[in-house]
Amino acid sequence: MRFRAKIVDLACLNHFSRIINTIAKLAKTCILRLTVCKLYFILSDKVANGGASMWCELSQGNFFDEFQMEGVAAEHNEIYLELVPENLSRALKTAQNAKAVKIKLTNKHCPCLSVAVELPSLSSSSRIVTHDIPVGVIPRRMWNDFREPSVPDFDVSIYLPALKTMKSVVERMKNLSNFIVIEANLSGEMNLKIETDLVSVTTHFKDLGNPPWASEDGCQSSAQDRDLESMAEACIDIKKLQQLLAGQQVNPTKALCNIVRKRIVHFILLHEEVSLQYFIPAVA
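Residues numbered from 1 in each chain as written. Predicted model: local features only at pLDDT ≥ 70, side-chain atom pairs only at ≥ 80, totals over all residues. Heavy atoms only, no water.

Peer 1: Can you walk me through the packing of aromatic side chains in this structure?
Peer 2: In this description, an aromatic ring pair is defined by two values, namely the gap between the centres and the angle between the planes. Applying the stated criterion to the full structure yields seven aromatic pairs. Centre to centre, the rings of Phe 3 and Phe 67 are 5.3 Å apart; their planes meet at 65 degrees, and the pair counts as edge-to-face. Note that Phe 3 is positioned in strand β1 (residues 2-7) and Phe 67 in strand β5 (residues 66-70), a separation of 64 residues in sequence. Residue class for Phe 67 comes out buried when judged on its relative accessible area of 15%. Consider the rings of Phe 64 and Phe 67, whose centres lie 5.4 Å apart with planes at 55 degrees: the pair is tilted. (Phe/Tyr/Trp six-rings, centres within 6.5 Å; stacked < 30°, edge-to-face > 60°. Helix = DSSP H or I, 4+ residues; strand = E, 2+ residues; numbered from the N terminus. Buried < 20%, exposed > 50% of the residue type's maximum accessible area, 1.4 Å probe, protein only.)

Take a look at the structure:
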């Protein structure tokens, strides 16, 4: 089992660093799945226990100048590692004007991802700072626990308003309640609501638009059968939503949310070479 990769391009490095930073805000620990073409960051708190789950996928070719890996076996050419993303995020913070960053799977007392940051120096030789990040190697028999979560058969799919706007609304609301109701319909309307014994606050968004699959997809009942104005709603933990919005350093080109009435809110943030899915279960 071997893995080594190198980033030389500074823009790619900074972009990669922002993605890791976003993931560190969403997950204390996560699984890094390495394949020949892609990297996946996976958080699978059991949704049944009220945990959120995350699936972030990036194509390695868009970030790395070199990328070599050999998985556990020829027919299972993948590696699954458990790590604390905050540690990787910290290591990459030291690389903001690096000449190159090399990431390698090593074994120093325990399995580690060694991040070697080559920094420019005044002399001809460059300085190299190495961070060893302990990782756990996930055995093959447990890989099935980290498959891509299936997208539930949703009632409504809608584009999100500007995430900055949404973030400031949610930050104000979180002082009033621990829970927030998200509701949306197929006419491009979405509401964020707080309801407590003392206060009821609603923010309305209009003309957001609904993704084309909301009506085309065969597994979704066709839009003709449904009332376009009727709202599908789910009440979720406001802290989990705030974490997602606060951690957003990857300005997505598309951001949308799917709501399964009273069951789950599924967010999808797309950027050219990155997709992040985040599932927040509804509270009863």
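Peer 1: Before we go on, may I ask you to explain the sheet that holds strand β7 (residues 100-108) in this structure?
Peer 2: Strand pairing within a sheet occurs via backbone hydrogen bonds; the two strands may be parallel or antiparallel. Spatially, five strands are ordered β5-β1-β7-β8-β9 in an open sheet, and the strand pairing comes out antiparallel. Only two strands of the sheet have a single neighbouring strand rather than two, namely β5 and β9 (127-134). Taken pair by pair, the neighbouring strands of this sheet meet at an average axis angle of 20 degrees, ignoring direction. Pairing between β7 and strand β8 (residues 110-119): nine bridges, direction antiparallel. The partner of Ala 100 across the bridge, within β8, is Glu 118. (Pairing = 2+ DSSP bridges. Axes fitted to C-alpha atoms, helices over the stretch in contact; angles between N-to-C directions.)

Peer 1: Explain the domain arrangement of the protein here, please?
Peer 2: Size of an interface: often given as the accessible area lost when the parts come together. Each domain of the protein was delimited in the assignment, giving domain 1 (2-145) and domain 2 (156-217 + 226-281). When each unit is reduced to the centre of its C-alpha atoms, the spacing between domain 1 and domain 2 is 29 Å. Listed as interface residues are 20 residues of domain 1 and, on the opposing side, 17 residues of domain 2. Summing both partners gives a buried area of about 1700 Å² for domain 1 against domain 2, and 60% of it is carried by carbon and sulfur. The interface formed by domain 1 and domain 2 contains zero salt bridges. Scanning the region where domain 1 abuts domain 2 turns up four residue pairs in polar contact (both at pLDDT 80 or more). Residues that form the side of domain 1 that touches domain 2 fall into these classes: nine nonpolar, eight polar and three charged. (Domains from an automatic or database assignment. Contact = heavy atoms within 4.5 Å. Buried area = accessible area lost by both parts, 1.4 Å probe. Salt bridge = Lys/Arg side-chain N within 4 Å of Asp/Glu carboxyl O. Polar contact = N/O pair within 3.5 Å; in protein donor to acceptor, adjacent residues only side chain to side chain. Nonpolar A, V, L, I, M, F, W, Y, C, P; charged D, E, K, R; others polar.)

Peer 1: I tried to follow the pairing of strand β17 (residues 264-271) on my own but got confused; where do I start?
Peer 2: Consecutive residues of a regular strand have side chains that alternate between opposite faces of the sheet. Where burial is concerned, most of β17 is hidden: seven out of the eight residues are buried. Where strand β16 (residues 254-260) meets β17, seven bridges bridge the pair, whose relative direction is antiparallel. By the bridge assignment, Val 260 is partnered in β17 with Ile 264. The turn linking β16 back onto β17 is made up of three residues, and Lys 262 within it adopts a positive phi angle of 60 degrees. The antiparallel pairing of β17 with strand β18 (residues 274-281) creates a hairpin that spans two residues between the two strands.

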